[in-house]
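Chain by chain, the residues:
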Amino acid sequence: MSFELLIDILIATVPLMLIFATVFAFTTWLERKALARIQNRIGPNKVGIPCTRIGLFGLGQPTADGIKMIFKENIVPTGADRLFHLLAPILALIPSMLVLCFLPLDFPWLNENSVKAFLLDGAVIFFFAITGLNTLAVFMAGWASRNKYSLLGGMRAVAQMISYEIPLVLSAVIVVMMVGSLDAAEIAGEQKGGNWFVFYPWGFAAFVIFFIAALAETNRSPFDLPEAESEIIAGYFTEYSGFKFALFFLAEYIAMFAISGLAVTLFLGGGDGPGLAVLPWLSVIWFLAKIFALIAVMIWLRGTLPRLRVDQLMGFAWKFMLPLSILNIFVAGFAWHAKQLDSQFIMVITWVISLAVLYGAASGLNQLNRGKVRPREYKYAE
Amino acid sequence: MNEEISFWILSAIAVLGALVAVRKRNLIHGVFALLVFFAGLSGLFLLLLAEFIAAVQVLVYIGAVGVLLLFAIMLTERVAGDDDRRMISRGWSWGLLAAAAVFVVLLLRPIQQLPSQDAAQPIKPSVEALGHKLINPYVVTLEVLALLLTAALIGAVTAAQGLRMPKEEDSPE
Amino acid sequence: MSILGGGIFKGMAVTLRNFLGSYTNKKERLPTIDYSWRADGALPQGIGDYPKEKGEQLSDTTTVTEYSRNFPMLLHDGGEPMDTVRCVACQICERECPPQCIYIEKDYDENGKYIKRPAVFDIDVSVCMSCQICVEVCPFDAIVMNSQFELSTPDRFGGLLMRRDDLLKSNDYYHKIHPEEAAARDAKIAAEKAAKEAKKKAAAEKARAAAEKKATEAAKEDAK
């Protein structure tokens, strides 16, 4: 193996991992702080510079957590499958780290001749293929723990992930249709200059579906049934402690970044933003800023919404998101053909019609799924 | 050179995975070993610059078939299997014969063509070409397959409907 | 017709108001009081910075506020604890405890006669979930919540199993840590006692009246 190639690969991948691992630590702090403020609490504010009383708004908390996690006892339950119990967190981390490579980040330290992390024709389809592996890690953890709550959490996770992967992929299909490529860099390049897909009606609908499905894919509230504390303790990682738990935690957050990054690539213009003509490396900053905006919305939603019931979760995926995303593909197909005619008037008409169709379909599906709601009956209480 | 090293590593992973999948008594271990085999295979596809096939291998075999197998296993009893460690089961000679026959049938043509192929021929990554192939010459096959899958889906829904328990009368408890 | 998904946005507006308000309108939106890192005397029991120095132990009455609750304790009415303990080892709390962290054995004297107190009363605080159900079901007001929180120990099993003698605390201590609740409980006990007394008196009165009536009737009968 040539030495230069190895160096190139390291230059491309190591900073990627370091950036996202650091950002992960910061995000946990941010999440705890924001959730606390939403719930009228202060949040972490003690850990700052060691041996002093300087709190720094608790910014030392991730470091303290990390140290605690590493030195904690590693408990494996009796009767657990020791090999799988060890492998599951690693298997959870690998795909989430791997998919980061498919994001079209233009790093300033990489010149044109140097190797990008991954230059794949089908980056988008690879992204979906590899995120799907998370499901197996979750199931593996649930099964290996030999704990009924873990197994329940694992099965819930599997059912939820395979259900929500369909609307996720189908909404990404719209962008692929519009661009005519599966290459992430090409998709991001198509949206240069504010021509983001989210600004079109079909793109917006796809973005909303994608975002909701992404929440479910990464087990974020309100779809955090696999780790519902009030029902099944911590779900699939009930029996994990110490560093293995930290790995699961890391994997979950990295998966959040990855899927937000994909949403940014597909719908929010990738690294597009003002000031690129003067400073080309700003695109990395813009990309990360957009990821953070999406993460902030995820945290905000977690502070707002209660958890769904299992039947509501499944019903929402199959009865609402799936039909809507299929309809959206049709709408986008018509829009693509309308665009070929190259007429302003036809474009306006397409916009109006697609807006009406999508909104009408969404509210119609909402009405259909509403079911018969009647006041709650109490059988025994007077 | 790089390709050769990668090829041997990936082949070893695939073969080992397949062997463990066959040998393991514990069904869950077997399934995961099978998934390792699939992963090695997808790596080999990637090595052949067949990116789309590799992605589909991961998406369909590891993602979908793996989960399907796991679901099926979770519905069975005695996941851990019997503690029976006999190396070779009874009808082994027939199995070997069948395997050899399949091997010969599958590999006859490629082996015949082998010397004439130019191995160093550069191949262009071909997601687009594959798409055109799927839509143009093979469109009927694709549609028939889609119809078949739809029928299977409807069948699954019907089967699930039929399994529904009779509605219980209002019991006093 | 309401906007699709409008409820979510309404909820998000509420949480956003909370989030921003916690920075601008601390009084209303951020009621959390930061008890640690304060000057001496600022805390209800004068704890101040905690811990002040390495290895420092707080007093037995460690509590953060009057309303903090941690793990159960057993009450006695002063003097020699086992003589005045309120618990009669009826085992109601043992049976009601959801995580089943209480273990009780009854006490017998040398003749094998049941004396109304526990011989063994263990609570595994590593299992206890601080639900207070034992407090609610106790008919003798014998078990109440303590608020001591300094329970860390290097011994994961033995150190977190509270024995009877660790759990016994006087009613005075209870008054010290939870004055309001203790006063209310004492008043309730007194009222119950008074009611019982009155009932007893009334029953006695009634029995006496009945006996008198019977006597007079008998006398009448005799007179006939």
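Look above for the structure.
Predicted model only: the values in this text are computed from it and were never measured.

Draft legend 1. Fine view of the overall build of chain B. Across its full length, chain B holds six helices and zero strands. Counting from the amino terminus, helix and strand elements in chain B follow one another as α-α-α-α-α-α. Looking at chain B as a whole, 17% of its 173 residues qualify as buried. In chain B, of all internal contacts separated by at least 6 residues, the share reaching a separation of at least 24 is 64%. Of the roughly 13600 Å² of accessible surface on chain B, a fraction of 70% belongs to carbon and sulfur atoms.

Draft legend 2. Representation of the overall build of chain A. The helix and strand tally for chain A stands at 13 helices and zero strands. Each helix and strand of chain A, placed in order from N terminus to C terminus, yields the pattern α-α-α-α-α-α-α-α-α-α-α-α-α. Counting across all 382 residues of chain A, residues that qualify as buried make up 53%. The contacts in chain A between residues at least 6 apart in sequence include a share of 77% that link residues at least 24 apart. About 18100 Å² of surface is accessible on chain A, with carbon and sulfur atoms providing 69% of the total.

Draft legend 3. Structural context of the state of the cysteines. Residues and elements named next belong to chain C. Counting across every chain of the model gives zero disulfides over all chains. With no disulfide of its own, cysteine 97 has cysteine 101 as its nearest cysteine by sulfur position, at a separation of 3.6 Å. Of the residues examined, cysteine 97 reaches a relative accessible area of 9% and is grouped as buried.

Draft legend 4. Region of the structure containing the environment of Phe330(A). All names here are of chain A. When you line up the elements, phenylalanine 330 lands in helix α12 (residues 310-340). Overall, the relative accessible area of 53% leaves phenylalanine 330 in the exposed class. The spacing of phenylalanine 330 and tryptophan 202 is 128 residues in sequence and 9.5 Å in space, taken between C-alpha atoms.

Draft legend 5. Highlighting empty space enclosed by the protein. Residue and element names in this part refer to chain A. By the definition in use, this model includes four cavities of 30 Å³ or more. Each pocket or cavity is described by its volume, and for the largest cavity that value is around 150 Å³. Around the largest cavity sit 14 residues that line it, and Asn134, Met161, Glu217, Glu252 and Ala255 are the ones nearest its centre. Listed by contribution, the elements that provide at least two residues to the lining of the largest cavity are α5 (133-144) and α10 (242-267). Here the lining of the largest cavity takes five residues from α10, the largest share from any one element. Looking at side-chain class alone, the lining of the largest cavity contains eight nonpolar, four polar and two charged residues.

Draft legend 6. Fine view of the nonpolar core. Of all hydrophobic cores here, the largest spans 123 residues; its most connected members are Trp202(A), Phe210(A), Leu266(A), Phe267(A) and Phe32(B). The element contributing the most residues to this core is α10(A), with 17 residues. Among residues more than four places away in sequence, those in contact with Phe267(A) are Ser171(A), Val175(A), Gln191(A), Trp196(A), Phe197(A), Val198(A), Gly203(A), Ala206(A), Phe207(A) and Phe210(A). With 25 residues, the next largest nonpolar core counts Cys97(C), Ile123(C), Cys134(C) and Leu168(C) among its residues.

Draft legend 7. How the structure looks around the interface of chain A and chain C. In this complex, chain A contributes 21 residues to the contact, which on the side of chain C involves 22 residues. Note on chain A versus chain C: buried area summed over both sides is about 2000 Å², and carbon and sulfur give 64% of it. Here chain A and chain C share zero salt bridges between them. Linking chain A with chain C are five residue pairs in polar contact (both at pLDDT 80 or more), by the criterion used here.

Draft legend 8. Structural view of a nonpolar patch on the surface. Residue and element names in this part refer to chain A. Together, Phe3, Leu6, Ile7, Leu10, Ile11, Val14 and Leu18 give the surface a local cluster of nonpolar side chains, amounting to about 610 Å² of exposed area. Residue placement: leucine 18 occurs in helix α1 (residues 3-38). The exposure class assigned to leucine 18 is exposed, which follows from its relative accessible area of 53%.

Draft legend 9. View of the pattern of salt bridges. With the rule as written, the count across this model stands at 19 salt bridges over all chains. Between Arg307(A) and Asp224(A) there is a salt bridge, with the nearest N and O atoms lying 3.0 Å from each other. Of this pair, Arg307(A) sits in the loop between α11 (282-304) and α12 while Asp224(A) sits in the loop between α8 (201-217) and α9 (229-232); the two residues are 83 residues apart in sequence, bridging distant segments of the chain. In this structure Arg307(A) comes out as partly exposed when scored by relative accessible area, which is 25%. For Asp224(A), a relative accessible area of 9% gives the class buried. The partner of Asp122(C) in a salt bridge is Arg163(C), with the nearest N and O atoms 3.0 Å apart.

Draft legend 10. Broad picture of the packing of helix α6 (residues 148-179) of chain A against helix α3 (residues 51-74) of chain B. Direction vectors running N to C along α6(A) and α3(B) enclose 140 degrees, while the axes themselves pass 12 Å from each other. By the angle between their directions, the pair α6(A) and α3(B) is classed as oblique. The handedness of the crossing between α6(A) and α3(B) comes out as left-handed. Contact with α6(A), carried on its side by Leu151(A), Met155(A), Val158(A), Ala159(A) and Ile162(A), involves Val67(B), Phe71(B) and Met74(B) of α3(B) and no other residues of that element. Per-class residue counts for the contact of α6(A) with α3(B) are eight nonpolar, no polar and no charged.

Draft legend 11. Main features of the sheet that holds strand β2 (residues 102-108) of chain C. Residue and element names in this part refer to chain C. Reading across the sheet, the three strands line up as β2-β3-β5 and stay open at both edges, with antiparallel pairing between neighbours. Of all the strands in the sheet, just β2 and β5 (161-162) have a single pairing partner and so form its edges. Across seven bridges, the pairing between β2 and strand β3 (residues 114-124) is antiparallel. Residue tyrosine 103 lies in a different strand from β3, and its bridge partner there is aspartate 122.

Draft legend 12. A look at a positive patch on the surface. Residues and elements named next belong to chain C. A surface patch of like charges, here positive, comprises Lys113, Lys116, Lys196 and Lys200. Secondary-structure assignment places lysine 113 in the loop between β2 and β3. Note on lysine 113: relative accessible area 55%, which makes it exposed.

Draft legend 13. Just unusual backbone geometry, in detail. The omega torsion of the bond from Ser221(A) to Pro222(A) falls at 5 degrees, within 30 degrees of zero and hence cis. With respect to the helices and strands, the residue Pro222(A) is situated in the loop between α8 and α9. The phi dihedral of Asn219(A) falls on the positive side, at around 60 degrees, and the residue is not glycine. According to the relative accessible area criterion, Asn219(A) is buried, its value standing at 4%. For Ala89(C), which is not glycine, the phi torsion reads 60 degrees and is therefore positive. For Ala89(C), the location among the structural elements is in the loop between α3 (81-84) and α4 (92-96).

Cut-off values and rules
Residues numbered from 1 in each chain as written. Chains lettered and ligands numbered in written order. Predicted model: local features only at pLDDT ≥ 70, side-chain atom pairs only at ≥ 80, totals over all residues. Heavy atoms only, no water. Helix = DSSP H or I, 4+ residues; strand = E, 2+ residues; numbered from the N terminus. Buried < 20%, exposed > 50% of the residue type's maximum accessible area, 1.4 Å probe, protein only. Contact = heavy atoms within 4.5 Å. Areas by Shrake-Rupley, 256 points an atom, 1.4 Å probe, with all protein chains shown as cover. Disulfide = S-S within 2.5 Å. 1 Å grid on protein atoms, 1.4 Å probe; cavity = no way out; pocket = protein on both sides within 12 Å on 5 of 7 lines; lining within 4 Å. Points joined across faces, edges and corners; volume = space filled by probe spheres on them. Nonpolar A, V, L, I, M, F, W, Y, C, P; charged D, E, K, R; others polar. Core = buried A, V, L, I, M, F, W, Y, C linked by side-chain atoms within 4.5 Å. Buried area = accessible area lost by both parts, 1.4 Å probe. Salt bridge = Lys/Arg side-chain N within 4 Å of Asp/Glu carboxyl O. Polar contact = N/O pair within 3.5 Å; in protein donor to acceptor, adjacent residues only side chain to side chain. Patch = residues over 30% accessible without salt bridge, like charges linked within 9 Å, V, L, I, M, F, W, Y side chains within 5 Å. Axes fitted to C-alpha atoms, helices over the stretch in contact; angles between N-to-C directions. Parallel < 35°, antiparallel > 145°, perpendicular 65-115°, else oblique. Left-handed = near helix turned anticlockwise from the far one by under 90°. Pairing = 2+ DSSP bridges. Lys, Arg positive; Asp, Glu negative; His and termini not counted. Charge placed at Lys NZ, Arg CZ, Asp CG, Glu CD.

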